[in-house]
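Single-letter residue listing:
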Amino acid sequence: MSKTDKSLWAAELRATLALSWPLVLTNLAQNALMTSDVILMGWLGSEALAAGALGTNLYFAFLIFGIGLINATSPLIAEELGRKRHSVRDVRRTVRQGFWASVTVAIPIWLLAWNGEALLLAMGQEPALAHAAGGYIRALQWSLLPFLLSLVLRSFMSALERPGWALVIGVLAVPVNFGAAYVLMLGKFGLPALGLVGAGIGTVISSSFMFLSLALVVVYDRRFRRYHLFGRFWRPDWQRYRTLWRIGAPIGLTVAFEVTIFNAAALFMGWIGANELAAHAIALQIASFCFMVPFGIGQAVTVRVGRAFGAQDAQGVTRAGWTAFGLGVGFMILSAMLMLFAPHLLIGAFLDLADPRNGPVLQFAVSFLTLAAIFQLADGAQAVGAGMLRGLQDTRVPMVFAALGYWGIGLPLGLALAFGTGLRGVGIWIGLAAGLAVVASLMLWRWLRRDRLGLTELPIEDALAR
C-alpha cells in the first residue's frame, strides 16, 4: 500500500469514527427514553408494568416499519451530496418527501393503534391487561408523527456529517421525558394521577420536544438554514416520494423481520419456563446494549458509502465499507470476549448473585451469554453489512435475505432444537445466532459482488442529473 493509499484509509477511519460516535450515543439516549418509562411503570406496580410492556411491544411492532421507511432519507441525501457537494434543492426535495412519508405512514398506524385493546384481546391477552394497555397506546400513538419527523431531521444532519445537535437534543429529551411522565403518571403538583396514560403523554411531550428543537436548529443554524427545509412544504414531488418508498419500504420490512424474530423468541422462552425467560431477557439486554455500537457504525457507513457512491468514487466506496466493517466487527469481538470470560460481571448488574433463589436464572443466563458471544459477531456483521448496502441504495435483496435468514432458517432451527432435542432455551439462542450468521454472510457476499451486480452504478435519474 502506497503512502497516499495509507493516508486515504486513515482519513476514512477518522471520518467514520467522527460520524459514528454521536450516532451511537444518540441511539443509547433513545433507549434511555424507553428505560425511564419502564422504571416509572414499575413504580405503579407489577400489573401496570405488565400492561405497559404489552402496549409498548404492540406499538413498537407498528412503529418499526415507519422507522425503516424514514431511514431511507439518509442514503438518498448522502448520494445527492456526493454527486454535488453543495446541493441544496435535491437535499430539500428528499427531506420534504421524508416529511410527507412520515404523515402517510402515521395515518394507518394511528388507526391500528387506536384499536390496540381489540387487537390484544384478539391475541388472547387478559381483558384487564388489554384494557390498560389499550388506554396507554391511545395516548402513546400521538408521539409517532413528531418522532418520525425528528428522525427525518436527524437523518438530514447525519448525511451532512453534522450529528452533534441531534445528540445534544436526544440527551436532553431523556430528562424531559422522565420529568413529564413522572408528573403525569403519579399526579404531582396538583395534577391528577393518570397512570399509564400519563406515560404515553410524557412520550408525546418528549417526542414533540425533539422535533421542535431540531426544527429550530435547522432554521437558525447557519450550516443548515440555507436548505430552507420547511419552505413550501405543501408542494408535492411524486418522483422523489416514490423513490423514498422504493428504497425505504424494504428497509422497514428488513428491520421488522429482525425485530419480530426476537419478539417470537421471547414468546417461546415463556413457553419453556419462567427462569429461561428471565435469563433470556438479561442476556438479550446485554447483547442489545452492545449492539448499539455496530448499529451506529452501520448508520455512519450508509452516509460514507452513499457519499462515495454519489461521487462515483469506487475506491471511496470500498474504503468506506471495509473501514466501518472492521470497526463494527472489531468492537463485537471485544464484547464477545467480555461475555465469554466475565459473564458473572455482566449478569451481576441485573441479578443478586449472592441470592441462592437466583441460581437457576444465573445458570441459564451464563449459557445464553456464551452463545451471545457468537451471536454478537454475526449481529455486528449484519448490521454494518446492511448499512454498507443501503449506502448503495440496495435494499430489496437484503430484505429477502432477512426474511430467509431470520424466518426461513433461524426460527425453524431454534424451534426444532428447543422442542425437538431437549435443548430448550439454548436451542432458541442457537437458532437466533444461526439466522444472524446466515444474513451476515449473504450481506457480505452481496457486497463483495457489488460491481459485478451493477450496484455501484447511479440510478438513471441521478446519472442524467450529473
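As shown above, the structure is provided for reference.
Residues numbered from 1 in each chain as written. Predicted model: local features only at pLDDT ≥ 70, side-chain atom pairs only at ≥ 80, totals over all residues. Heavy atoms only, no water.

Student: Could you give an account of the overall build of the chain, naming the residues involved and the relevant values?
Tutor: Per the secondary structure count, the chain includes 17 helices and 0 strands. Dimensions of the chain, computed from C-alpha atoms along their principal axes, come out at roughly 65 × 55 × 35 Å. Taking all 466 residues of the chain together, the buried fraction comes to 54%. Restricting to contacts in the chain with at least 6 residues of sequence separation, those with at least 24 account for 82%. (Helix = DSSP H or I, 4+ residues; strand = E, 2+ residues; numbered from the N terminus. Buried < 20%, exposed > 50% of the residue type's maximum accessible area, 1.4 Å probe, protein only. Contact = heavy atoms within 4.5 Å.)

Student: Please set out the packing of aromatic side chains residue by residue, giving values where relevant.
Tutor: Overall, the coordinates contain 15 aromatic pairs when judged by the stated rule. Their ring planes at 90° and their centres at 5.6 Å tell us that Trp322 and Phe325 sit as a pair that is edge-to-face. With a gap of 3 residues between them, Trp322 and Phe325 both fall in helix α12 (residues 314-341), about one helical turn apart. Measuring from ring centre to ring centre gives 6.4 Å for Trp322 and Trp447, while their planes differ by 85°; the resulting arrangement is edge-to-face. (Phe/Tyr/Trp six-rings, centres within 6.5 Å; stacked < 30°, edge-to-face > 60°.)

Student: Explain unusual backbone geometry residue by residue, including any values.
Tutor: Despite not being glycine, His228 shows a phi value in the positive range, around 45°. Its location among the elements puts His228 in the loop between α9 (196-220) and α10 (238-272).

Student: Requested: an account of a nonpolar patch on the surface, with residues and values cited.
Tutor: Together, Ile333, Leu334, Met337, Leu340, Phe341 and Leu377 give the surface a local cluster of nonpolar side chains, amounting to about 600 Å² of exposed area. Considering each element in turn, the nonpolar patch owes the most residues, 5 residues, to α12. Mapped onto the elements of the fold, Ile333 is located in helix α12. (Patch = residues over 30% accessible without salt bridge, like charges linked within 9 Å, V, L, I, M, F, W, Y side chains within 5 Å. Areas by Shrake-Rupley, 256 points an atom, 1.4 Å probe, with all protein chains shown as cover. Salt bridge = Lys/Arg side-chain N within 4 Å of Asp/Glu carboxyl O.)

Student: So what about the nonpolar core? Which residues, and what values?
Tutor: A general feature of soluble globular proteins is that nonpolar side chains tend to end up buried together. By size, the foremost hydrophobic cluster in this structure holds 69 residues, and its most contacted members are Ile77, Val95, Leu153, Phe156 and Met157. Setting aside its immediate chain neighbours within four residues, Val95 contacts Ile77, Val152, Phe156 and Leu229. Among the nonpolar cores identified, the runner-up in size contains 61 residues, and Ala279, Ala324, Ala372 and Val439 belong to it. (Core = buried A, V, L, I, M, F, W, Y, C linked by side-chain atoms within 4.5 Å.)

Student: Go over the side chain of Arg92 with me, naming the residues and quoting the values.
Tutor: Relative to the helices and strands, Arg92 resides in helix α4 (residues 89-114). Buried charge Arg92 goes without a salt bridge, the closest partner of opposite sign being Asp90 at 8.6 Å. Among all residues touching Arg92, those that are not within four sequence positions of it are Tyr227, His228 and Leu229. (Lys, Arg positive; Asp, Glu negative; His and termini not counted.)

Student: Give me the pattern of salt bridges: which residues, what numbers.
Tutor: Counted by the stated rule, this structure contains 14 salt bridges. Each of Glu79, Glu80, Arg83, Arg89, Asp90, Arg93, Asp237 and Arg240 takes part in one network of salt bridges that share partners.

Student: Go over helix α15 (residues 396-420), please, and point to the residues and values.
Tutor: Taking 1.5 Å as the rise per residue, α15 with 25 residues should run 36 Å; its terminal C-alpha atoms sit 34 Å apart, in good agreement. When the local axis directions of α15 are compared, the greatest deviation, roughly 30°, occurs at Gly410, which is followed within four positions by the proline Pro412. Looking at the buried residues of α15, the elements they touch are α10, α14 (359-391) and α16 (425-448). Following α15 by one or two positions, Gly422 has its phi on the positive side, about 85°. (Expected span 1.5 Å × (residues − 1). Bend = angle between axes of the 7 residues up to and from the residue.)

Student: Requested: an account of the packing of α12 against α14, with residues and values cited.
Tutor: The interhelical angle for the contact between α12 and α14, taken along N-to-C directions, is 165°, at an axis separation of 8 Å. With respect to each other, α12 and α14 are oriented roughly antiparallel. As for how α12 packs across α14, the hand of that crossing is right-handed. In this structure, α12 contributes Gly321, Ala324, Phe325, Gly328, Val329, Met332, Ile333, Ser335, Ala336, Met339 and Leu340 to the contact, and α14 contributes Leu369, Thr370, Ala372, Ala373, Gln376, Leu377, Gly380, Ala381, Val384 and Met388. In terms of residue class, the contact of α12 with α14 is made up of 15 nonpolar, 6 polar and no charged. (Axes fitted to C-alpha atoms, helices over the stretch in contact; angles between N-to-C directions. Parallel < 35°, antiparallel > 145°, perpendicular 65-115°, else oblique. Left-handed = near helix turned anticlockwise from the far one by under 90°. Nonpolar A, V, L, I, M, F, W, Y, C, P; charged D, E, K, R; others polar.)

Student: Account for the environment of Leu351, with residues named and values stated.
Tutor: Mapped onto the fold, Leu351 is located in the loop between α13 (343-347) and α14. Assessed through its relative accessible area of 16%, Leu351 is described here as buried. Contact partners of Leu351, with chain neighbours within four places excluded, come to Ile282, Asn358, Val361 and Leu362.

Student: Can you tell me about the packing of α15 against α16, naming the residues and giving the values?
Tutor: Two measures define how a pair of helices packs: the angle their axes make with one another and the distance between the axes. Direction vectors running N to C along α15 and α16 enclose 155°, while the axes themselves pass 7 Å from each other. Considered as vectors, α15 and α16 are oriented roughly antiparallel to each other. Handedness of the crossing formed by α15 with α16: right-handed. Looking at the contact of α15 with α16 residue by residue, the classes come out as 20 nonpolar, 6 polar and 1 charged.

Student: Describe the environment of Val174, with residues and values.
Tutor: Along the chain, Val174 turns up in helix α8 (residues 164-186). When the C-alpha positions of Val174 and Arg226 are compared, they lie 30 Å apart, and in sequence the two are 52 residues distant. What Val174 contacts, discounting residues up to four positions off in sequence, is Ala29, Ala32 and Leu33.

Student: Before we move on, could you go through the environment of Ala336 and cite the residues and values that matter?
Tutor: Within the element layout of this structure, Ala336 appears in helix α12. Put simply, Ala336 and Ala118 are 218 residues apart on the chain and 42 Å apart in space, counted from C-alpha to C-alpha. Aside from chain neighbours lying at most four places away, what touches Ala336 is Ala373 and Gln376.

Student: Give a detailed account of the side chain of Arg450, specifying residues and quantitative values.
Tutor: Within the fold, Arg450 resides in the loop between α16 and α17 (460-465). It is Asp451 that comes nearest to the buried, bridge-free Arg450 among opposite-charge side chains, at 4.7 Å. Polar side-chain contacts of Arg450 include one of 2.7 Å to the side chain of Thr318. What Arg450 contacts, discounting residues up to four positions off in sequence, is Val317, Thr318, Leu392, Leu455 and Thr456. (Polar contact = N/O pair within 3.5 Å; in protein donor to acceptor, adjacent residues only side chain to side chain.)

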